[in-house]
There are 2 protein chains.
Amino acid sequence: MNDILVFGHKNPDTDTIMSAIAMANLQNKLDEKSAKCCRLGNINKETKYALEYFKVDEPELLEKVEENQEVILVDHNEFGQSVDGIENAKILKVIDHHKISDFKTAEPLFYYAMPVGCTSTIIYDLYKMNNIEIEPKIAGIMLSAIISDTLLFKSPTCTQKDVEAAKSLAKIANVNEQEYGLDMLKAGTDLSDFLCSELINMDSKPFTTNGVKYQVAQVNTASIEDVLKNKTEIENEMKKFIQENNEELFLLLITDILENNSQIISVGTKQDVVEKAFNVKLEDNMAFLPGVVSRKKQVVPVLEKNM
Amino acid sequence: MNDILVFGHKNPDTDTIMSAIAMANLQNKLDEKSAKCCRLGNINKETKYALEYFKVDEPELLEKVEENQEVILVDHNEFGQSVDGIENAKILKVIDHHKISDFKTAEPLFYYAMPVGCTSTIIYDLYKMNNIEIEPKIAGIMLSAIISDTLLFKSPTCTQKDVEAAKSLAKIANVNEQEYGLDMLKAGTDLSDFLCSELINMDSKPFTTNGVKYQVAQVNTASIEDVLKNKTEIENEMKKFIQENNEELFLLLITDILENNSQIISVGTKQDVVEKAFNVKLEDNMAFLPGVVSRKKQVVPVLEKNM
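This one's a predicted model, so the numbers in the text were calculated from it and none came from an experiment. (Residues numbered from 1 in each chain as written. Chains lettered and ligands numbered in written order. Predicted model: local features only at pLDDT ≥ 70, side-chain atom pairs only at ≥ 80, totals over all residues. Heavy atoms only, no water.)

K.L.:
So what's going on with the interface of chain A and chain B? Which residues, and what values?
P.N.:
Residue-level contacts link 22 residues of chain A with 22 residues of chain B. For the pair chain A and chain B, the summed buried area comes to about 1,800 Å², and 66% of that belongs to carbon and sulfur atoms. Together, I100, P108 and Y111 of chain A form the three largest contributors to the area buried by chain A at its contact with chain B, with a combined 28%. Viewed at the interface, chain B and chain A are joined by zero salt bridges. (Contact = heavy atoms within 4.5 Å. Buried area = accessible area lost by both parts, 1.4 Å probe. Salt bridge = Lys/Arg side-chain N within 4 Å of Asp/Glu carboxyl O.)

K.L.:
Go over the pairing of strand β2 (residues 35-39) of chain B with me, naming the residues and quoting the values.
P.N.:
Residues and elements named next belong to chain B. Counting buried residues in β2 gives four out of five residues, a clear majority hidden from the surface. Handedness of the crossover is the feature at issue here: the chain leaves strand β1 (residues 4-7), passes through helix α1 (residues 14-30), returns alongside β2, and the resulting connection is right-handed. Across two bridges, β2 lies against strand β3 (residues 60-61) in parallel orientation. Bridge pairing in β3 links C38 to E60. Note on the crossover from β2 through helix α2 (residues 45-53) to β3: the handedness is right-handed. (Buried < 20%, exposed > 50% of the residue type's maximum accessible area, 1.4 Å probe, protein only. Helix = DSSP H or I, 4+ residues; strand = E, 2+ residues; numbered from the N terminus. Right-handed = clockwise from strand over helix to strand, strands pointing away. Pairing = 2+ DSSP bridges.)

K.L.:
Can you tell me about the domain arrangement of chain A, naming the residues and giving the values?
P.N.:
Residue and element names in this part refer to chain A. For chain A, the assigned domains are domain 1 (4-187) and domain 2 (196-306). Taking only C-alpha atoms, the centre of domain 1 and the centre of domain 2 are 25 Å apart. Every contact between the two is made by 17 residues of domain 1 and, on the other side, 19 residues of domain 2. Summed over both partners, the interface of domain 1 with domain 2 buries about 1,600 Å², with 56% contributed by carbon and sulfur atoms. (Domains from an automatic or database assignment.)

K.L.:
Account for the relation of the copies chain A and chain B, naming residues and giving values.
P.N.:
In this structure, two copies of a chain are linked by a rotation about an axis accompanied by a shift along it. In the superposition of chain A on chain B (RMSD 0.0 Å, axial shift 0.0 Å), the rotation amounts to 180°. Interpreted geometrically, this transformation is the action of a two-fold axis. Across chain A, the smallest distance between a C-alpha and the rotation axis is recorded for Y112 of chain A, namely 2.4 Å. Interface overlap between copies: 100% of the residues of chain A at the interface are likewise at the interface in chain B, consistent with a symmetric, same-surface contact. (Least-squares fit on C-alpha atoms with pLDDT ≥ 70 in both.)

K.L.:
Summarise the sheet that holds strand β10 (residues 261-268) of chain A; cite the residues concerned and give the values.
P.N.:
Residue and element names in this part refer to chain A. Ordered in space as β7-β8-β9-β10-β11, the five strands form an open sheet in which the pairing is mixed. The open sheet has two edge strands, β7 (204-209) and β11 (286-289), and neither has a second partner. Direction aside, the axes of adjacent strands within the sheet are offset by 25° on average. Pairing geometry for strand β9 (residues 249-256) and β10, over eight bridges, is antiparallel. (Axes fitted to C-alpha atoms, helices over the stretch in contact; angles between N-to-C directions.)

K.L.:
Explain the pairing of strand β5 (residues 90-96) of chain A to me, and be specific about the residues and the numbers.
P.N.:
On a regular strand, each side chain points to the face opposite its neighbour's, so the side chains alternate between the two faces of the sheet. Residue and element names in this part refer to chain A. A large share of β5 lies buried, amounting to five of its seven residues. The pairing of strand β4 (residues 70-74) with β5 spans five bridges and is classified as parallel. From the neighbouring strand, E70 faces β5, where its bridge partner is K90. As judged from the four bridges shared by β5 and strand β6 (residues 110-113), these two strands associate in the parallel manner. What sits directly across from V94, in β6, is Y111.

K.L.:
Which residues make up the packing of aromatic side chains, and what are the values?
P.N.:
This structure, assessed with the given rule, holds 24 aromatic pairs over all chains. Three or more aromatic residues joined by ring pairs make a cluster, and in this case those are F79, F103 and Y111 of chain A together with F79, F103 and Y111 of chain B. The side chain of K93 of chain A reaches across the aromatic face of F110 of chain A, ending 5.4 Å from its centre. (Phe/Tyr/Trp six-rings, centres within 6.5 Å; stacked < 30°, edge-to-face > 60°. Lys NZ or Arg CZ within 6 Å of the ring centre and 35° of its normal.)

K.L.:
With reference to specific residues and values, describe the side chain of H76 of chain A.
P.N.:
Residue and element names in this part refer to chain A. Inspection of the secondary structure assignment puts H76 in the loop between β4 and β5. Residue classification places H76 among the buried positions, given a relative accessible area of 0%. Reaching out from H76, the side chain makes a polar contact with the backbone oxygen of V74 at a distance of 2.8 Å. (Polar contact = N/O pair within 3.5 Å; in protein donor to acceptor, adjacent residues only side chain to side chain.)

K.L.:
Quick one: what's the story with the confidence of the model for chain A, residue by residue and with numbers?
P.N.:
Looking at chain A, pLDDT values average 95 and 100% of them are 70 or higher. For this predicted complex, the interface confidence score (ipTM) comes to 0.82, while the overall pTM stands at 0.84. (pLDDT = per-residue confidence, 0-100.)

Put into structure tokens, the structure is as follows:
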């Protein structure tokens, strides 16, 4: 029998990769049947920095799953964001912190979701519930996931539970969460050797609301200005993407992780939705959103309401 | 601001009622905002016996919820089995042990599901996780829920976790789970003063698979023969029900809780699905299914596969 496969969403970010590793690690301690962590795409620079810092291997790339393959999903539940073949896989568990949508199973399963900032915070809870000790390097990558998803506790998605988990994990991993956190976030903002086609895909998710298909991507930076140097090329890649994927809108958030604001660029036929959602006038396809850093909490819900 | 409303599915069984009471009790200890348990239909005799035994009041009847009403769902997630207006309510938490289907939210939520025999087993876990002591009478009704859903640990849905939870709860409630359990189950099988129209609705759930709408109901008894005395009238009520609800099949399980077998009666245009699913030939709309006692585990999945 195959291993149980544990993976997060496509276009993996740090939480999705680290949660897959940590959950596979926990699963192997809970159950005799072997579990293996996987990734559905390339690792970004922030994740790479954290994996190298704590000396943890990259998960293997997974392109599709066979029928009846046993899987555990972390950090996502929408089939559109999951691996090819997910419809016919056997989903044993889901550990997630997103809204539930486009998800169903043929049989009862273990589903543990909480409205917290990071999936690794929930996995931390599962280790505690099962009285399983967390190894220092696993604690380190789980801490990295929380720092990434909460932008070092500054995102409005961050909860008391995230902060408490991060502080405990930092102790186990023996790092200072503020110092290590800033270094990791900065490593992630180095966009210099990315093509614009790669940049819009680094952390990009498809959504469907009332039949309208659209894409919302986010890049973190220490300088919005730097990213905007390539605005025209970025816009062209965004237009190309939605044309190829039959989508009606592409919204890119360029988030300043030091100042905690976002510049948005939007293309497509549904720009009026963006203007209504954020009560802004797009100029040159752009608008500045002060205080907006969370796609999940501050962007997708208002788009959905206006779509 | 209104109370948070906590409720299980329509056509309430013992687990749905007891889990709503226990979860509201727990929620009130976790959060300042007041939570109130409700029921979506009449209490059956088994549930009544348990509530009276442990001196716990019936929850209030709830017919619909207003927009943005905060709710906690127990023992179900399918909107078709939930309260009227659920689509526009704000679902804060779901505690359940069923497959996930026809469920979605606009925002992240707390969702805790496990493939165990009874929702109250999961709520027992939540009390433990939060270090909250369970009062004896609440322990008693949670024990009743586990006994009911697992047919005193004999159903194939029963897991080690259900047995362990039940044994702990029996100690807190200070009852012998075998003696009390048999008395409670027997109290539930007294069908003498029910009309046939009531009998087919006591524990009845609608399902939709590949566009086909159908109904699966279950009654527990100590004598299948006794129930079959009214077979013609029961069949007529089943036919009337699916006609009024535009359904294509009604399957009634008459489950012998002492011998752990079921007699099925089916009516509608999809009887071939029943024959294929259970590899039986219906005679006079009936078939005997040895060892079948669980709608969730032994009936609905095979119907779905063949629908």
